[in-house]
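Summary of the model geometry
So you can see what is in the structure, the chains are spelled out below.
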Amino acid sequence: MDVTVKEKITAAGVLTSQRKPFLALVGRRKQTLCKMSLDSRARKVFAAAVEAVQPDTVVRQSIERKEDSVIIDGHKFTLKHNLHLVGFGKAVLGMAAEAERIMGDHLVKGVISVPHGIQQTLQQHGKDHLLLKENSRIKVMEGAKHNLPDTDAQKAAEEIAQLASELTEKDLLLVLISGGGSALLPAPIPPISLQEKFDVTRKLAAAGATIQELNTVRRALSLLKGGGLAHCAYPAQVVSLILSDVIGDPLDLIASGPTVRSEVWPEEVLSVLERYKLHSVPASVKDVLARLSPRGEENKDETNKAEHVRNVVIGSNSVALKCAGRCVRELGFRPVVLSPGVCGDVRSVSRLYGLLARFACSREEPPPEIAAEVLRLGPEVGVESWDLCRTMQVLGEGRTEGWGATCLLAGGEPTVELTGKGRGGRNQELALRVGLELRGLDLPPKGPVFLSGGTDGQDGPTEAAGAITDGGLYEEAQTQGLDINSFLTNNDSFTFFTRLSSGQRLLTPGLTCTNVMDVHMLLIPPIPINI
């Protein structure tokens, strides 16, 4: 497979280098008139990506109101003062405010579970449009301090369950879900206490359990996760609108899938506990597992229940990248989206972006070793060979056909191996490492610029969302007496970018009110080629 792919890329390169491209003969396409620097354009594109996934925006675009009915995901639902609403997640307050505005007095009642202090924070930042009106029919319950389940969040979960369980076949339940929803909807099966459930999942996470394994255990010990909320609401029609913060948008993983039916077998849970040597679990947990049966086995009409649930992802990293692409075109760049699911260690991810930058910026035919290493890195960073080949083809055509500037867009959630105790986050560390990879390439405006930013506006425990970098980073740091490698060893990227040129490279959008993971951007200016 790899050999064939490399041959195709090489063949394409040979073909394009053996003839003078048409655009090179008639002159390069005139770029959109824009006096903004590459740095400013990168920031503008990032802002457009964040704006596309604002909680009120995604709800407004997903619900079409027509008199006494609404159309969601192509399906029509009749409104007869029969609408109820529940929600849980960091972005749910703004989603609920917009949903109530659209639905009007057809909304009977609502309960949402949101982070502690969120209403005050939104008020302080002038985000009143994301707050409920004074006469709202939706009850707001704050909890989950520090993003951890607590008794306040548990009370909210109990009220949500109570509302859902009182519905009839004539009712419509609108469920709003966003990142952070799992901690805001804790409902352990009695007699398990909230602390006991938290301790079990915490020990599993510390032992290295995967997110899939953690969710298997969470679902087994919860009344509402793993389809439990939809189960409570039956026979009402359930429609979930989901703002995804998980790679690939897997419905069962986002907030642990409260409206997604799943079968959890006792043997499966016990296997996870055994795998990570959790032998001393509380007696209450053993009791629940001993009488656990899959929800699908409890009723013969479970298939009918599934048909009463519709889950719709209305905001995601892909949505953000699509809007970023439109903004990029307006700024005179041709966009190419690599993948919305970039993951893996930041060292591998930074190497990938460095290689793609060199591939795109080469004035000669790039050496085949670059393409070969890009393809080798694919599995490490969660990107398919096909997407890498497609991206290199576009970058190669941009270089040889002379159409001008290109912007590589990607998203996801890379990981950082902690080796120090500094302040930073995955986006700032990625930008720092990419800056090293770009060393030796031309400086802007003739050379590339890279941006990495978290759409939630906060990268790790810092005030920044990320940073912007280019090929001049290393020399700039050296001139100012900053040793990049020591900052990297201490995972201290925020301190580095704060000290470097008075923090000018930091990306600080402030409170964004949303989260669809990270946005990566590589702006590549027109490259003079040797024909």
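For the structure, see preceding data.
Residues numbered from 1 in each chain as written. Predicted model: local features only at pLDDT ≥ 70, side-chain atom pairs only at ≥ 80, totals over all residues. Heavy atoms only, no water.

1. Thoughts on the overall build of the chain
- Within the chain, the regular secondary structure consists of 22 helices and 15 strands.
- In terms of overall size, the chain behaves like a compact globule, its C-alpha atoms giving a radius of gyration of 25 Å where 531 residues would be expected to give roughly 24 Å.
- Overall, the C-alpha framework of the chain stretches about 75 × 60 × 50 Å when taken along its three principal axes.
- For the chain, buried positions account for 56% of its 531 residues.
- Residue pairs at least 24 apart in sequence account for 82% of intrachain contacts in the chain once pairs closer than 6 positions are excluded. (Helix = DSSP H or I, 4+ residues; strand = E, 2+ residues; numbered from the N terminus. Rg over C-alpha atoms; globule rule 2.2 N^0.38 Å. Buried < 20%, exposed > 50% of the residue type's maximum accessible area, 1.4 Å probe, protein only. Contact = heavy atoms within 4.5 Å.)

2. Topic: the sheet that holds strand E3 (residues 75-78)
- Across the sheet, which stays open at both edges, the three strands sit in the order E1-E2-E3 with antiparallel pairing between neighbours. Either end of the sheet is taken by a strand with one partner, and the two such strands are strand E1 (63-66) and E3. When the angles between neighbouring strand axes are averaged without regard to direction, this sheet yields 25 degrees.
- Of the pairings in the sheet, the one linking strand E2 (residues 69-72) to E3 comprises four bridges and is antiparallel in character. Along E3, the bridge assignment pairs Ile71 with Lys76.
- Along the sheet face, helix H4 (residues 55-62) touches E1 and E2 and points at about 50 degrees away from the line of E1. (Pairing = 2+ DSSP bridges. Axes fitted to C-alpha atoms, helices over the stretch in contact; angles between N-to-C directions.)

3. Considerations on the packing of aromatic side chains
- As enumerated under the stated definition, the model contains three aromatic pairs in all.
- Grouping aromatic residues by their ring pairs yields a cluster made of Phe487, Phe496 and Phe497.
- The lysine or arginine in question, Arg439, covers the ring of Tyr474, its NZ or CZ lying 3.7 Å from the ring centre. (Phe/Tyr/Trp six-rings, centres within 6.5 Å; stacked < 30°, edge-to-face > 60°. Lys NZ or Arg CZ within 6 Å of the ring centre and 35° of its normal.)

4. Some details on helix H11 (residues 266-275)
- All of the buried residues in H11 are Pro266, Val269, Val272 and Leu273. In an axial view of H11, the angular spread of the buried residues amounts to 130 degrees, which keeps them on one side of the axis.
- Residues of H11 that are buried sit in contact with helix H8 (194-206), helix H9 (211-220) and helix H12 (283-290).
- Looking one or two places after H11, you find Lys277, whose phi comes out positive at around 60 degrees. (Arc of directions from axis to C-beta.)

5. Side note on empty space enclosed by the protein
- Applying the stated criterion across every chain, the model contains two cavities of 30 Å³ or more.
- In this structure, the largest cavity spans a volume of roughly 50 Å³.
- In terms of lining, the largest cavity is formed by Ala360, Leu395, Gly398, Arg399, Gly404, Thr406, Ile524, Pro525 and Ile527.
- Top element by residues in the lining of the largest cavity is helix H18 (residues 385-400). It accounts for three residues. (1 Å grid on protein atoms, 1.4 Å probe; cavity = no way out; pocket = protein on both sides within 12 Å on 5 of 7 lines; lining within 4 Å. Points joined across faces, edges and corners; volume = space filled by probe spheres on them.)

6. With respect to the environment of Thr210
- Relative to the helices and strands, Thr210 resides in the loop between H8 and H9.
- Sequence separation between Thr210 and Ala464 is 254 residues, and the spatial gap between their C-alpha atoms is 28 Å.

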